[in-house]
Amino acid sequence: MIEALPPEGVPADKVLAELRDLRAVDLPTHGGRLFAYVYDSALPGLDELAMSAYALSAHVNGLDPTAFPSVLGLENALVGAASRLLGGGPGTAAPDVVGSVTGGGTESLILAVKAARDARPEVARPRLVVPTTGHAAFAKAAHYLGVALDQVPVSARTLRPEVGEVAAAIGPETVLVACSAPSYPYGVVDPVAEIAEVAAGAGVRCHVDACFGGWILPFLRQLGEPVPPFDFDLPGVTSISVDLHKYAYAPKGVSVLLHRDAELRRPQYFAFAGWPGYTMVNPVISSTRSGGPLAAAYATLRHLGEAGYLALAERTLVAVRGLAAEVSGVEGLRLFAEPESTVVCFVSTDPGLDLFVLADELTARGWHTQPQLSYGGLPANIHLSVTASVAPRVAEFGVDLRTAVEAARRAGPVRLPAELLGTLGALPPEQLTPDLVAGIAAGLGLDPAAAGRPPERMAPVNTLLDAAPVAVRERLLAEFLGVLQRPAY
Ligand SMILES: *Cc1c(COP(=O)(O)O)cnc(C)c1O
């Protein structure tokens, strides 16, 4: 039992020991065995440096740059570095780039959409055009901001949108066109040059979501990889987001949102003086902001330098190529896309080889992959986000992948009761009551009440979600989470 506020305080060393115990059930953040959520450089000392820097600035408040100029200094340094890496700054075609540090990619995208919406107050019903492979955070931004979402499908062959379809989706109410470099699900870079051109032609802003790959694509290009143009070199690109807590290997809580110039950024800001309290001007969603993440990111960047990131990119590339070769060498698996950044994504070509079962078999062998559900004619697949820490693990993964595939074939595909699947398909999502969801969870052998430990077998859950229509999937996820999020007394 976890109790946050005991009647009498608990000694510091005991509290830390309890926290260590609590962390023991988590997936491993280091060691190159978790292919999502975490970004591990595997460089000795880098974490310690970042944590020391974090501690130095943890209690500083970025709310007021006049009170804490250090936060402003760190923010300007991080924005300058991101701008220079992404085609902006002195001597480039985008000398006037400005930006903000946000708490994460989602916040950066929400603010990009907000700035675009508020720049066009005459548009009564603003709309956002984004490929289906654009990050879910665009849908969240649209939802939060009252902007309609126009999703453009991607080609099943290239996994990118056709530029003609993007152009056709742009209308008089479109305030922003977005694309990805690369998309998270498959790691492929959208045709940014063409998309930015059609957006500019229509007089609409174009945001490039480089949250995932913005910090590594420039280094992969330096290594000779054929990275297409995607940054401020392209005149139609008006804003770019890049997460420092991904391939800049900074601890979580830092992303950068860049605009081509200050005029484009202005509607991102919120200022309020119509109350008797302190005058407030916020560039981002949070008001009180810890200096910790910024200091940690600054220390990480400064310690690694361009040479450090180039070396990390090289190691990551070796890992990507190695994993792709391992996957290609297994009968029954096929690369879904030829890797062009840091994602290795594969599908099953054998009906007897269930990917969700394979993911569980890999978990049982200590490898944590990310199953992705089928969507819009695109098949279910397994996604691997690859970081530098994976390089020394590739051969070991290859061996375990083969035995996991054999085990998954022996186990056979998950078969859920036809009755359950029929119900889910026919059910209007609003009829998915908490009781019904609890019943479904129990039927799958899940006991959400016994949370604290992830279920050992996710395949039944994934199979169920995969079989459900999108609206039912969303409702099921929200209901499951609602069951997990209960106060501990
Ligand atoms: C991770 C990611 C985001 C969202 O970032 P968070 O930091 O998780 O909020 C947005 N876009 C892409 C392409 C991403 O990979």
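Let me sum up the structure you'll find in this document. (Residues numbered from 1 in each chain as written. Predicted model: local features only at pLDDT ≥ 70, side-chain atom pairs only at ≥ 80, totals over all residues. Heavy atoms only, no water.)

## Some points on the overall build of the chain
Operational definition: Secondary structure counts use DSSP, requiring at least four H or I residues in a row for a helix and at least two E residues in a row for a strand, with both numbered from the N terminus. Here the globule rule is a power law, 2.2 Å times the number of residues to the power 0.38, and the radius of gyration is based on C-alpha atoms. Any pair of residues with heavy atoms lying within 4.5 Å of one another is described as a contacting pair. Under the convention used here, a 1.4 Å probe and the Shrake-Rupley method define accessible areas, while residue burial counts only the protein chains that appear. In this tally, Asp and Glu contribute negative charge and Lys and Arg positive charge; neither His nor the terminal groups of the chain are included. One atom stands in for each charge, and that atom is NZ of Lys, CZ of Arg, CG of Asp or CD of Glu.
Of regular secondary structure, the chain possesses 16 helices and 13 strands. Rg of the C-alpha trace for the chain: 23 Å, near the compact-globule value of 23 Å for 489 residues, within the 12% margin. Along the first, second and third principal axes, the C-alpha set of the chain runs to 65 × 60 × 50 Å. Of all intrachain contacts in the chain linking residues separated by at least 6 positions in sequence, the fraction that spans at least 24 positions is 72%. Of the roughly 22600 Å² that the chain leaves accessible, carbon and sulfur atoms contribute 58%. Counting 36 positive and 50 negative side-chain charges, the chain places the averaged centre of each group 1 Å from the other.

## Remarks on helix 14 (residues 434–443)
The test is simple: Only protein chains enter the calculation, and the probe is 1.4 Å; a residue is then buried if its accessible area is under 20% of its type maximum, exposed if over 50%, and partly exposed in between. The directions from the helix axis to the C-beta atoms are what the arc is built from.
Regarding helix 14, the residues found buried are Val437, Ile440 and Ala441. In an axial view of helix 14, the angular spread of the buried residues amounts to 100°, which keeps them on one side of the axis. Exposed positions of helix 14 whose direction lies more than 90 degrees from the buried face are Asp435, Ala442 and Gly443. Summarising the contacts, the buried residues of helix 14 are in contact with helix 13 (418–426), helix 15 (459–467) and helix 16 (470–484).

## Quick look at the sheet that holds strand 7 (residues 255–259)
Backbone hydrogen bonds hold the strands of a sheet together, and the pairing may be parallel or antiparallel. Selection criterion: Strand pairing is defined by DSSP finding a minimum of two bridges between the two strands. The convention used is that axes are lines fitted to C-alpha atoms, helices contributing only their stretch in contact, and that angles between N-to-C directions extend from 0 to 180 degrees.
Strand order across the open sheet formed by seven strands is 1-7-6-5-4-2-3, with mixed pairing between neighbours. Bordering the open sheet on either side are strand 1 (98–102) and strand 3 (148–152), each of which pairs with just one other strand. Each adjacent strand pair in this sheet contributes to an overall mean axis angle of 20°, direction not counted. Taken together, the five bridges between strand 2 (residues 127–131) and strand 3 define a ladder with parallel strand orientation. Following the sheet pairing, Pro131 is matched in strand 3 by Val152.

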